[in-house]
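One-letter residues, chain by chain:
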Amino acid sequence: MSHSQLEFDAVEKGVAGMGSEAPSVHKSDASATVHDASRPQTARGADAAPPQAQGADVPEGGWAAWSTVAGAFLVQMCGFGYTGSFGVYQDFYKRVYLSNQTSSAISWIGSINAFLVISSGLLAGRLYDRGYFYHLLYGGSLLLAFSLFMLSLAKPDQYYQVILSQGIGVGLGAGMVYIPSVAVLSQYFLKRRALAMTIVASGSSLGAIIHPIMLNNTLNDPKLGFASATRANAGMIAGLLLIACLLMRTRTMQLREPPDLWVSAKRFSKDGAYIFAALGMTIFAMGFYFPLFYMQLDALAHGLDKTFSFYSLVILNACSFLGRLSPGFFANKLGVENITTLSTFVCAVLILGMIGLGSVASVVVIGVIYGFFAGTYIAMLAPLLAHLTDDMSELGARMGIAFAFAGIGTLVGTPIEGALLTGDYIWWRPALFSGIMAFAGFSSFLASIILLRRRKRRQQASPASAEKA
């Protein structure tokens with residue numbers, strides 16, 4: 001097996017155990033009972049599934065496998081895809097529904113939502129490891145759909161009602177299903193895992209295309225209004241999540257208790273390359289979401305055509321879809337860490353370029369290029385953390401902690417940008433702040449590469465010295 005294949009397998013094992021070390025299945029565990037996956041088990045011990053299975057035990061296809069892929073695709077489209085569409089709400093709330101609130105206050109709704117989706121992996125991953133897959137899937141889907149219907153009951157200028165339902169409720173629901181829907185795929189695929197993961201990952205990008213189109217055409221329709229538009233979107237999401245719950249199944253096996261998270265964290269906290277990568281993810285996140293949250297409002301504020309402005313976010317997310325699919329073809333040749341760092345640099349330049357946004361051409365250029373490299377960056381994060389990991393049993397904990405800190409950057413970034421924007425729409429201030437944060441994140445990733453290469457040189461020199469001795 002090639003190094004690249006081993007690295008990819010490690011990524012999937014880590015995702016399966018997000019927020020905890022991936023539990024291994026040893027020969028001594030052969031007596032564990034394997035249950036029929038034709039229907040969900042109610043006992044939590046039967047729900048647990050091995051994040052890494054022996055190659056002979058992985059079916060590499062079949063009805064249960066591909067139906068689970070389809071269900072996970074729908075979960076990603078309804079969860080993270082919805083979160084990526086908040087730019088529509090940012091514009092609508094500021095102009096119409098929460099006009100008494102500042103841009104900063106409104107952006108807290110989306111940032112809290114994104115923070116909960118990303119950072120809940122620490123808890124959801126460990127619950128998944130303990131066998132609570134169906135509890136997370138059903139409970140998260142129910143909470144997500146319920147919170148969206150509650151959002152439709154929110155009254156104009158009632159900020160607390162919106163932040164409770166859309167920010168906290170939807171964020172928690174989407175966070176509960178996000179990690180389990182990704183982790184369960186490793187039970188069905190090994191050789192074809194790349195194909196399965198690519199299909200599922202594209203669900204969030206497709207959702208970030210569909211939701212803005214639907215929301216822009218319903219929220220701004222005077223015949224429908226906010227309540228009907230939100231209920232229509234909630235009904236679509238509830239129906240898709242119901243289908244996902246019916247499609248997704250686990251191949252079950254009893255597992256050991258995952259090792260303590262903090263014991264694991266102490267072992268790799270001295271890894272400089274990893275620390276700088278996690279720091280880069282956190283700082284870069286403070287600027288990363290500025291185009292996603294504010295591009296549509298920016299275009300409208302500059303007097304661009306209303307219909308075109310509504311589709312600016314669709315253009316960005318469509319190119320992000322391509323950016324997520326493309327790196328898999330050349331990542332092994334160019335290097336995961338190099339692609340990640342290049343993507344952050346391009347994104348930082350384009351965020352600063354939003355200072356000059358004011359025409360249709362500028363929106364299209366920034367949307368297309370930023371969308372592509374933003375998608376590339378997101379696609380490379382998990383492989384990057386795997387590339388920085390020597391002991392793959394630590395990968396789950398490494399990924400969980402890194403994404404949790406990145407969630408903090410997401411939480412505080414857009415509200416700061418909204419405060420800098422002010423009610424007078426001074427666009428260069430948030431664009432400059434976001435660009436500086438993105439460049440600081442790029443610098444941190446660059447430092448990570450330097451430390452990684454030094455470590456590799458030391459590792460290569462050690463065997464040579466031993467042979468001479």
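For the structure itself, consult the block above.
Structural notes, computed from the coordinates. (Residues numbered from 1 in each chain as written. Predicted model: local features only at pLDDT ≥ 70, side-chain atom pairs only at ≥ 80, totals over all residues. Heavy atoms only, no water.)

**Section: the overall build of the protein chain**
And then number 1: Within the protein chain one finds 21 helices and two strands.
And then number 2: Burial status across the protein chain gives 58% buried among its 469 residues.
And then number 3: Taking as baseline every contact in the protein chain between residues at least 6 positions apart, the subset at least 24 positions apart corresponds to 86%.
And then number 4: For the protein chain, the accessible surface area stands at approximately 18,400 Å², while carbon and sulfur atoms represent 67% of it. (Helix = DSSP H or I, 4+ residues; strand = E, 2+ residues; numbered from the N terminus. Buried < 20%, exposed > 50% of the residue type's maximum accessible area, 1.4 Å probe, protein only. Contact = heavy atoms within 4.5 Å. Areas by Shrake-Rupley, 256 points an atom, 1.4 Å probe, with all protein chains shown as cover.)

**With respect to the packing of aromatic side chains**
And then number 1: What the rule picks out here adds up to 27 aromatic pairs.
And then number 2: Where Phe92 meets Tyr93, the ring centres are 6.5 Å apart and the plane angle is 55 degrees; that geometry is what we call tilted. As far as burial versus exposure is concerned, Phe92 and Tyr93 are alike and both buried.
And then number 3: Measuring from ring centre to ring centre gives 5.9 Å for Phe345 and Phe439, while their planes differ by 80 degrees; the resulting arrangement is edge-to-face. Of this pair, Phe345 sits in helix α18 (residues 336-353) while Phe439 is found in helix α21 (residues 428-468), placing the two residues 94 residues apart along the sequence.
And then number 4: Accessibility expressed as a relative area gives 35% for Phe345, which makes it partly exposed. (Phe/Tyr/Trp six-rings, centres within 6.5 Å; stacked < 30°, edge-to-face > 60°.)

**Some words on the side chain of Thr282**
And then number 1: Residue placement: Thr282 occurs in helix α13 (residues 272-288).
And then number 2: Look past the residues within four positions of Thr282 in its chain and what remains in contact with it is Phe405, Ala406 and Gly409.

**Here's the deal with the pattern of salt bridges**
And then number 1: What the rule picks out here adds up to two salt bridges.
And then number 2: Across the pair Arg95 and Asp91 runs a salt bridge, and its minimum N-O distance is 2.6 Å. Here Asp91 and Arg95 lie together in helix α5 (residues 86-97), a separation of four residues that amounts to about one turn.
And then number 3: Arg95 sits in the partly exposed class, given a relative accessible area of 33%. (Salt bridge = Lys/Arg side-chain N within 4 Å of Asp/Glu carboxyl O.)

**Digging into the nonpolar core**
And then number 1: One finds Tyr89, Tyr93, Met281 and Tyr370 to be the most contacted residues of the largest nonpolar core, which totals 113 residues.
And then number 2: The element best represented in this core is helix α19 (residues 360-387), accounting for 10 residues.
And then number 3: Ignoring anything within four residues of it in the chain, the contact list for Tyr370 reads Gly287, Phe288, Pro291, Leu316, Cys347, Leu350, Ile351 and Val365. (Core = buried A, V, L, I, M, F, W, Y, C linked by side-chain atoms within 4.5 Å.)

**Comments concerning the side chain of Ser103**
And then number 1: Turning to its location among the elements, Ser103 is positioned in helix α6 (residues 103-119).
And then number 2: The class for Ser103 is buried, based on a relative accessible area of 1%.
And then number 3: If we skip the residues at most four places from it in the chain, Ser103 touches Gln90, Lys94, Tyr294, Gly418, Leu421 and Tyr425.

**Topic: the environment of Pro383**
And then number 1: Relative to the elements of secondary structure, Pro383 occurs in helix α19.
And then number 2: The buried category is assigned to Pro383, whose relative accessible area is 15%.

**Considering the packing of helix α8 (residues 133-151) against helix α9 (residues 159-183)**
And then number 1: For the pair α8 and α9, the least separation of the axes is 8 Å and the interaxial angle reads 155 degrees. With respect to α9, the element α8 is oriented roughly antiparallel. In this structure, α8 meets α9 at a crossing whose hand is left-handed. Of α9, the residues touching α8 (which contributes Phe133, Leu136, Leu137, Gly139, Gly140, Ser141, Leu143, Leu144, Ser147, Leu148, Met150 and Leu151) are Val162, Ser165, Gln166, Gly169, Val170, Leu172, Gly173, Ala174, Met176, Val177 and Pro180.
And then number 2: Of the residues contributing to the contact of α8 with α9, the split by class is 15 nonpolar, eight polar and no charged. (Axes fitted to C-alpha atoms, helices over the stretch in contact; angles between N-to-C directions. Parallel < 35°, antiparallel > 145°, perpendicular 65-115°, else oblique. Left-handed = near helix turned anticlockwise from the far one by under 90°. Nonpolar A, V, L, I, M, F, W, Y, C, P; charged D, E, K, R; others polar.)

**Here's the deal with a positive patch on the surface**
And then number 1: Positive charge collects at one region of the surface, where Arg453, Arg454, Lys456, Arg457 and Arg458 lie side by side.
And then number 2: Summarising the element assignment, Arg453 is placed in helix α21. (Patch = residues over 30% accessible without salt bridge, like charges linked within 9 Å, V, L, I, M, F, W, Y side chains within 5 Å. Lys, Arg positive; Asp, Glu negative; His and termini not counted. Charge placed at Lys NZ, Arg CZ, Asp CG, Glu CD.)

**Topic: a nonpolar patch on the surface**
And then number 1: Taken together, the side chains of Val360, Val364, Val365, Val368 and Ile369 make up a nonpolar region of the molecular surface, amounting to roughly 330 Å² of accessible area.
And then number 2: Within the fold, Val365 resides in helix α19.
And then number 3: Taking the relative accessible area as the measure of exposure, Val365 reaches 45% and is therefore partly exposed.

**Regarding helix α11 (residues 225-247)**
And then number 1: In this model, α11 (23 residues) spans 34 Å end to end at C-alpha, consistent with the 33 Å of a helix rising 1.5 Å per residue.
And then number 2: Looking at α11, one finds that the buried residues are Phe226, Ala229, Thr230, Asn233, Ala234, Ile237, Leu240, Leu241, Ala244 and Cys245. (Expected span 1.5 Å × (residues − 1).)

**Structural notes on unusual backbone geometry**
And then number 1: Backbone geometry places Asp157, a non-glycine residue, at a positive phi of 65 degrees.
And then number 2: Relative to the helices and strands, Asp157 resides in the loop between α8 and α9.
And then number 3: Positive phi, close to 60 degrees, is recorded for Thr422, a residue that is not glycine.
And then number 4: Assessed through its relative accessible area of 25%, Thr422 is described here as partly exposed.

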